[in-house]
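Structural overview for review
The primary structure of each chain is shown beneath.
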2 protein chains.
Amino acid sequence: MVVQKVASHMPTDIPDIVIGRLPIYLRALTQLLNAGRTVTSSRELGEYLGISSAQIRKDLSHFGGFGKQGTGYDVAVLRDKLQQILHVDRQWPMAIVGAGDLGRALAHYRGFESRGFRVAAVFDNDERKVGQSLADTELVIEPMRRFKEVVQANGIEIAMLAVPAEHAQSVTDQLVDACIRAILNYAPINIIVPSNVYVQYIDPVIELQHMTFYLGHQPK
Amino acid sequence: MVVQKVASHMPTDIPDIVIGRLPIYLRALTQLLNAGRTVTSSRELGEYLGISSAQIRKDLSHFGGFGKQGTGYDVAVLRDKLQQILHVDRQWPMAIVGAGDLGRALAHYRGFESRGFRVAAVFDNDERKVGQSLADTELVIEPMRRFKEVVQANGIEIAMLAVPAEHAQSVTDQLVDACIRAILNYAPINIIVPSNVYVQYIDPVIELQHMTFYLGHQPK
DNA sequence: GTAAATTAGTGATAAAAGCCACAAATTATC
DNA sequence: GATAATTTGTGGCTTTTATCACTAATTTAC
């Protein structure tokens, strides 16, 4: 019932910038829970995250009232609500495309399972890599020609793109063709997708350059 | 002279959100340059990046007029300007802290050099890892007790943090103690630093959860 | 049991960010 | 060489985002 209520809120009328903060809140709540905390407040959460308490309250209020005046928020309850809102109260199977250093590091990453995701398949077109199994996993590197088939068989809708920049667009086209709906792009390049496909970018150099602007002019 | 002009613009009066877009522009310009283009326009750049042309023009106008009416922007000139503004017209030596799968993948990443960065040292506290050299690099894994010394000897001001979440804060304290001024944090946890230290976060799960909000409710 | 303290949720306000549209400069066309 | 077409840089406006500050509910202190 509560799930229905949450589910009834359509994405359209909630600012994307608000949505972008929800995973941050969720991560902090999980941390609090692991530390044994049972209640928290917008003030505490805000001080910890460097966000104003009013903003946290207003963000959450888009989805209903989860707190209690005078007390604050039940950490476990709020975490559950956020997991429902973000649809990570289940595990999303994902494909990794590109089995270089980065793709392999992602395949071995132990942090997905507890947060709503699971690496279901790894792809690469290098014939020397195809067929290799990845240590400590049940994964075997598949060739890209099997992509569509494996994606459909496993109900995969999310792909992490970890191929060199020069192949990123053509591989993206293959992902789109296989009905991938969300792409986490690690290639340092903009990719073009249809408007119904979501893309997020991770490029460490972008973040580093953002900081070097402020680091100033005198190199050591 | 032009460098002086750019340098004279102090960060304080330019919105951070503008600064955050400059690396994106720089990346796109480098791509255009590699494709042999010599001139571009705010319209072309905007269509490619999914950003309005007016925004690009206004962002750039914070730093001076780099374009030419009727023509647009000289790609090489604008790229050079952005490199100066972002202070990546040099190479920043960086430390990687944590030599797990991720730290090693970062150490092997070939994409830093051309964009203003260089991995100068890798650290880990696991005695089994210390002393190991990293294939295809001149890097040897150093113990954390040598951190301050190596950082000072190499003029390192930037660290990439790739340790497990449970150690992230205590390691951060060591970074701060060694006068690290910018941290790219890969640990899925908020870290507390003094206000003169810059932090950027990379957590793939945050980006994935942002997308699953929109992916909706019916898992395959 | 009462008063003081705490905290959520929210309408109103303030601040920030983004976009429009135009003048001025340049280039292309014929 | 005149006219049409481009494109920048920007003032002003609109939209979005964030904060303020208040009410109502609850808890704590004594």
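Check the entry above for the structure.
A short tour of the structure in this document, coming up. (Residues numbered from 1 in each chain as written. Chains lettered and ligands numbered in written order. Predicted model: local features only at pLDDT ≥ 70, side-chain atom pairs only at ≥ 80, totals over all residues. Heavy atoms only, no water.)

1. Brief notes about the protein's contact with DNA strand C
Test applied: When we say a residue is near a molecule or strand, we mean one of its heavy atoms is within 4 Å of it. Two N or O atoms count as a polar contact when they lie within 3.5 Å, although within protein this holds only if one can serve as hydrogen donor and the other as acceptor, and sequence-adjacent residues are included solely when both atoms are side-chain atoms. Counting from the N terminus, the helices are the DSSP runs of H or I reaching at least four residues and the strands are the DSSP runs of E reaching at least two. Only Asp, Glu, Lys and Arg are considered charged, only Ala, Val, Leu, Ile, Met, Phe, Trp, Tyr, Cys and Pro nonpolar, and every remaining residue, Gly among them, polar.
Around DNA strand C, the surrounding shell holds 27 residues, and the nearest of these are S42, R57, G65 and Y73 of chain A together with Q69 of chain B. In DNA strand C, the atoms that sit within 4 Å of the protein are 64% sugar and phosphate, with bases accounting for the remainder. For DNA strand C, a base nitrogen lies 2.7 Å from a polar atom in the side chain of R57 of chain A. The contact in question runs from a base nitrogen of DNA strand C to an N or O atom on the side chain of Q69 of chain A, over 3.0 Å. Among the secondary structure elements, those contributing two or more residues to the surface near DNA strand C are α3 (42–49), α4 (53–61), β2 (67–68) and β3 (72–74) of chain A together with α2 (16–34) and α4 (53–61) of chain B. Among the elements that line the surface near DNA strand C, the one with the most residues is α4 of chain B, at 4 residues. Per-class residue counts for the surface near DNA strand C are 5 nonpolar, 14 polar and 8 charged.

2. Topic: the relation of the copies chain A and chain B
Our working rule: Alignment of copies: least-squares fit on C-alpha atoms of residues with pLDDT of at least 70 in both copies. Contacts are residue-level and defined by heavy atoms, with any inter-residue pair within 4.5 Å sufficient.
For the pair chain A and chain B, the superposition axis carries a translation of 0.0 Å, the fit reaches an RMSD of 0.1 Å, and the rotation angle comes to 180°. Read as a symmetry element, the transformation amounts to a two-fold axis. In this assembly the copies share their binding face: 100% of the residues contributing to the interface of chain A also contribute to that of chain B.

3. As for the pairing of strand β8 (residues 182–185) of chain B
Residue and element names in this part refer to chain B. Stated formally: For every residue, the accessible area (1.4 Å probe, protein chains only) is compared with the maximum for its type, and the residue is labelled buried under 20%, exposed over 50%, or partly exposed between those bounds. Strands are labelled as partners when DSSP assigns at least two bridges between them. A right-handed crossover is one whose linking path, passing over the helix from the first strand to the second, runs clockwise when the strands point away from the viewer.
The alternating pattern of β8 places A182 and L184 and I183 and N185 on opposite faces, both of which are buried. The pairing of strand β7 (residues 158–161) with β8 spans 4 bridges and is parallel. Residue pairing in the sheet places I158 in a bridge with A182 of β8. In this view, the connection linking β7 to its parallel neighbour β8 by way of helix α8 (residues 165–177) has right-handed handedness.

4. What about the environment of L33 of chain B?
With respect to the helices and strands, L33 of chain B occurs in helix α2. In this structure, L33 of chain B is in contact with V75, A76 and R79 of chain B, ignoring residues within four places of it in sequence.

5. Side note on the protein's contact with DNA strand D
Around DNA strand D sit 26 residues, and of these Q69 of chain A together with S42, R57, Q69 and Y73 of chain B come closest. The share of sugar and phosphate among atoms of DNA strand D within 4 Å of the protein is 63%. In the environment of DNA strand D, a phosphate oxygen lies 2.9 Å from a nitrogen or oxygen atom belonging to the side chain of S52 of chain A. For DNA strand D, a phosphate oxygen lies 2.8 Å from a polar atom in the side chain of Y73 of chain B. Looking at the surface near DNA strand D, the elements with two or more residues in it are α2 (16–34) and α4 of chain A together with α3 (42–49), α4, β2 (67–68) and β3 (72–74) of chain B. For the surface near DNA strand D, the class distribution of residues is 4 nonpolar, 14 polar and 8 charged.

6. Regarding the side chain of R21 of chain A
With respect to the element layout, R21 of chain A can be found in helix α2. With residues near it in sequence (within four places) discarded, R21 of chain A still touches I51, Q55 and D59 of chain A.

7. Points about the sheet that holds β2 of chain A
Residues and elements named next belong to chain A. The sheet built from 3 strands is open, its strands ordered β1-β3-β2 with antiparallel pairing. Among the strands making up the open sheet, the edge pair consists of β1 (39–40) and β2. Relative to β3, β2 is paired through 2 bridges, and the arrangement is antiparallel. Looking at β3, one finds that K68 is bridged to G72.

8. Regarding helix α9 (residues 204–215) of chain A
Structurally, the α-helix is built with 3.6 residues per turn, so residues lying three or four positions apart point the same way. All names here are of chain A. For clarity, the threshold we go by: The length a helix should cover is 1.5 Å for every residue beyond the first.
In this model α9 runs 16 Å from its N-terminal to its C-terminal C-alpha over 12 residues, within 8% of the 16 Å that 1.5 Å per residue would give. Of all 12 residues making up α9, 12 are buried, and the element is well covered by its neighbours. Here α9 has its buried residues at P204, V205, I206, E207, L208, Q209, H210, M211, T212, F213, Y214 and L215. Immediately downstream of α9, the backbone of G216 shows phi near 90°, a positive value.

9. A word on the pattern of salt bridges
Here is the rule: For this analysis, a salt bridge means a side-chain nitrogen from Lys or Arg found within 4 Å of a carboxyl oxygen belonging to Asp or Glu.
Using the criterion set out here, one finds 26 salt bridges over all chains in the structure. The partner of R115 of chain A in a salt bridge is D203 of chain B, and the shortest N-O contact between them spans 2.9 Å. In this pair, R115 of chain A is assigned in the loop between α6 (101–108) and β5 (117–123) and D203 of chain B in the loop between β9 (198–201) and α9 (204–215), connecting two distinct chains. Residue classification places D203 of chain B among the buried residues on the basis of a relative accessible area of 4%. In this structure, E149 of chain A engages R146 of chain A in a salt bridge whose closest nitrogen and oxygen atoms are separated by 2.7 Å. A residue is classified by how much of its surface remains accessible, and R146 of chain A, at 27% relative accessible area, is partly exposed. Bridged by salt links that share partners, the residues R27 and R115 of chain A together with D203 of chain B form one connected network.

10. With respect to the interface of chain A and chain B
Selection criterion: Throughout, the accessible surface (probe 1.4 Å) given up by two parts as they are put together, summed over both, is called the buried area.
Facing the 65 residues of chain A at the interface are 65 residues of chain B. Surface buried jointly by chain A and chain B totals about 6,800 Å² across both partners, of which 66% is contributed by carbon and sulfur atoms. When residues of chain A are sorted by the area they lose upon contact with chain B, F213, Y214 and L215 of chain A head the list and together hold 11% of the total. Linking chain A to chain B there are 4 salt bridges. Between chain A and chain B we count 22 residue pairs in polar contact (both at pLDDT 80 or more) in total. Among the elements of the structure, α2, α3, β4 (92–97), α6, β8 (182–185), β9 (198–201) and α9 of chain A are those that each provide at least two residues to the side of chain A that touches chain B. In terms of residue count, α9 of chain A provides more of the side of chain A that touches chain B than any other element does, 12 residues in total. Residue composition of the side of chain A that touches chain B, grouped by class: 41 nonpolar, 14 polar and 10 charged.

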